[in-house]
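What follows is the residue order along each chain.
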Amino acid sequence: MTQRNPLPQARRRHRRAPAVALCLLACPLAHAAGVKVEIRGVDEELRANVLVYLSFERYKKGGADLNADTIERLHNRVEREVQSALRPFGYYEPRVESSVSDLGHDDWRVTININPGKPVLVAHIDVRVDGPGENDPLFQRILRHLPLRDGERLKHAAYESIKTDLQRTAATYGYLDARLIRNELVVDPPNRRANIGLELDTGERYHFGATSIRQDVVREALVRRYLRYQEGDPFDLTQVLRTQFALDDSQYFSNLEVLPGDPDRSTHIVPVSIHADPSRRHRYSFGAGYATDTGPRGTLGFEDRRINSLGHSFSVEVQAAQVTRYSLQSRYNVPIGDPAVEKLTLAGTVEQRQLADVTTHTFSLGPSITEVTGSWQHVWLVTAMRTTSDLPLGAEFLPGAHTDRLLVPGVDLASVPKGYLGEALFEHPFFAELRGSHATLGSDANFIQLHLQAERVFRLGKKWHLLLRDEVGASLVSRFSQLPTVFRFFAGGDNSVRGFAYNDLSPTEAVCTQDPTTKQFLRNPDGSCQRIDQYIKVGGKDVITGTVEVIRVLPNNFGIAAFFDYGNAFDSFAQLARKCSPAAAQQQQCSSLQYSVGIGLRVRLPVMTLGVDIAEPLSSSLRWDATAQVFRSVRPGPRLHINFSPKL
């Protein structure tokens, strides 16, 4: 290695005292520039490892005082530290040149030029698994996907990862007597060759023994239904952990421990013990927040986590917001089947909501059964409802309050992640709900409705993501006026088509002008309006929305996004093909797709992401001019959206 120091020895001696004095007078190196290290000739991976090994970097981070003597001592270590840093990557004979420059004011620049040379290649790698687990797919997967192959550059980390994978797999999946009987890495640097030999003897696989349970919270039979394994199954530590998670999520217990016992070497059995104390039975919660869709909002909740030893639970929650004026929801849950993912629920709701220009009052009550099969969760439900829609008295169709009494069976289908244990999900890659009602069930409305939502995030690179979201809803109903407002679709808002207000995209209905003298609404003999005062948004029987969003991850948990949204709610898919002119709008025959573009800021918080978006509609909106009795085209301006979500 060649080292060049610009300070002659005599000069360094003369300057040593001032250098020490300056170090004492100045703040520690941690706050100053101190030493600046420049590494040339290697890629970022090697450069990062060299920095880890360099004493210069450790002194800089530690804030130690540096003088000329210390700099010289650290400089003398550079060659062997670089060699040690490159050896794990297969470079055993690098050439290193370094120099130190005095920048004045106790600042130094260290320049290191590295020629890593030719790497050591793997001449032969032999990894074997012997014993009863030789053909176990768990080990075969490792052997099929080795991170090192013959002819590739030697990487010590890859060699260590093979050993770690073999040993960890054996310990996790019950091969508790497994041992490495061969563990060889022979390197020949002059010939740039390396031979690797690894051989694992698995020994017999252990099985689950009896599970002892110590708790006085719920019946033991219920606890055993939470177990992710059965006695006699091959031992699998992941299933022990899943049992711990499932029992934790039940919220019955505190200080919960699910622990494997000492293995019996003669019978190859591993017993398991479970110990738990009761959790706090009652839980109270409250919260407040704000979003551009809902405005200010507040929530107050109460939960009784275990009403009895059968594990029944009860919860009630009160919400109030600008859109949901009030909502009282209660649930009585009974664990069934696999209690981690299956339950019978009796739910009741009383709420008042503002759906665009229509106010609804709804009371609903009914049972549901939640089950999970594979990667799908399905919820079967029947809901008895009484819902009232309040329209202005001058509305052209069904003016005033209109009440529907319904019995609505339905089913929800949602994708869930592998190993799902009933924990709350913030998003579904796919979600579908099917609802319907008919007069034969005693309902006032006949309809069938399907609502589909899909969302997927694609990784475009280390720091780039593509988010695609789509929504389609369709209703089959003999007359649109028969479809209660609570089952109609709206679009626009933070989680729909940004650039438009919440529920702003919707079919409209005319409101007749009121005679100022007689206070009568001006209607034709057929009930239609002679003169129209305004158009109100009443929802549609179909909907389409979607999002294409590109996200760039930034340092410090920030991100930026650019997006394109589209969608609308309408009364017929055929309307999408019609040009939405003012004349067509007056005949209520158009609901073309609306489009918007925008940019946003993402802030990743511990459990969610804050999104702040500015969106600009790409099309003009039609606004009713009551004086001229015509629609006029109005270009809306940009709109701010604030949203909390679990997505990036």
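Not measured: the values here are computed from a predicted model.

Of all hydrophobic cores here, the largest spans 28 residues; its most connected members are Leu247 and Phe253. Sorting the residues of this core by element identifies β8 (207-214), α8 (220-224), α9 (237-249), β9 (253-260) and β10 (269-278) as the ones contributing at least two each. The element best represented in this core is β10, accounting for four residues. If near-sequence neighbours (up to four positions away) are discounted, Leu247 is found in contact with Val223, Tyr226, Phe253, Leu256, Val258 and Ile274. Among the nonpolar cores identified, the runner-up in size contains 25 residues, and Val50, Leu54, Leu66 and Ile112 belong to it.

To continue, consider the packing of aromatic side chains. Taken as a whole and assessed by the stated rule, the structure comprises 13 aromatic pairs. Pairing Tyr226 with Tyr252 gives two aromatic rings, centres 6.5 Å apart and planes at 90°, and the pair type is edge-to-face. With Tyr226 in the loop between α8 and α9 and Tyr252 in the loop between α9 and β9, the pair connects residues that are 26 residues apart, well separated along the chain. With relative accessibility at 3%, the residue Tyr226 sits in the buried group. Members of the aromatic cluster, joined through ring pairs, are Phe208, Tyr229 and Phe235. The positively charged end of Arg498 is found above the aromatic ring belonging to Phe563, 3.7 Å away from the centroid.

Right, let's get into the packing of helix α6 (residues 137-144) against helix α7 (residues 156-172). Taken N-terminus to C-terminus, the directions of α6 and α7 make an angle of 170°; their axes are 10 Å apart at the nearest point. As summarised for this structure, α6 and α7 are arranged roughly antiparallel, according to the angle between their axes. In this structure, α6 uses Leu138, Phe139, Arg141 and Ile142 to contact α7, whose residues at the interface are Asp165, Leu166, Thr169 and Ala170. Class assignment of the residues belonging to the contact of α6 with α7 gives a composition of five nonpolar, one polar and two charged.

Okay, the side chain of Thr387 next. Checked against the element boundaries, Thr387 lands in strand β17 (residues 376-391). With relative accessibility at 0%, the residue Thr387 sits in the buried group. Within polar-contact distance, the side chain of Thr387 engages the side chain of Thr362 at 3.1 Å. What Thr387 contacts, discounting residues up to four positions off in sequence, is His361, Thr362, His402, Thr403, Asp404, Leu406, Pro484 and Val486.

Conventions used here
Residues numbered from 1 in each chain as written. Predicted model: local features only at pLDDT ≥ 70, side-chain atom pairs only at ≥ 80, totals over all residues. Heavy atoms only, no water. Core = buried A, V, L, I, M, F, W, Y, C linked by side-chain atoms within 4.5 Å. Buried < 20%, exposed > 50% of the residue type's maximum accessible area, 1.4 Å probe, protein only. Helix = DSSP H or I, 4+ residues; strand = E, 2+ residues; numbered from the N terminus. Contact = heavy atoms within 4.5 Å. Phe/Tyr/Trp six-rings, centres within 6.5 Å; stacked < 30°, edge-to-face > 60°. Lys NZ or Arg CZ within 6 Å of the ring centre and 35° of its normal. Axes fitted to C-alpha atoms, helices over the stretch in contact; angles between N-to-C directions. Parallel < 35°, antiparallel > 145°, perpendicular 65-115°, else oblique. Nonpolar A, V, L, I, M, F, W, Y, C, P; charged D, E, K, R; others polar. Polar contact = N/O pair within 3.5 Å; in protein donor to acceptor, adjacent residues only side chain to side chain.

Interpretation note: all reported values are geometric properties and have no functional meaning in isolation.
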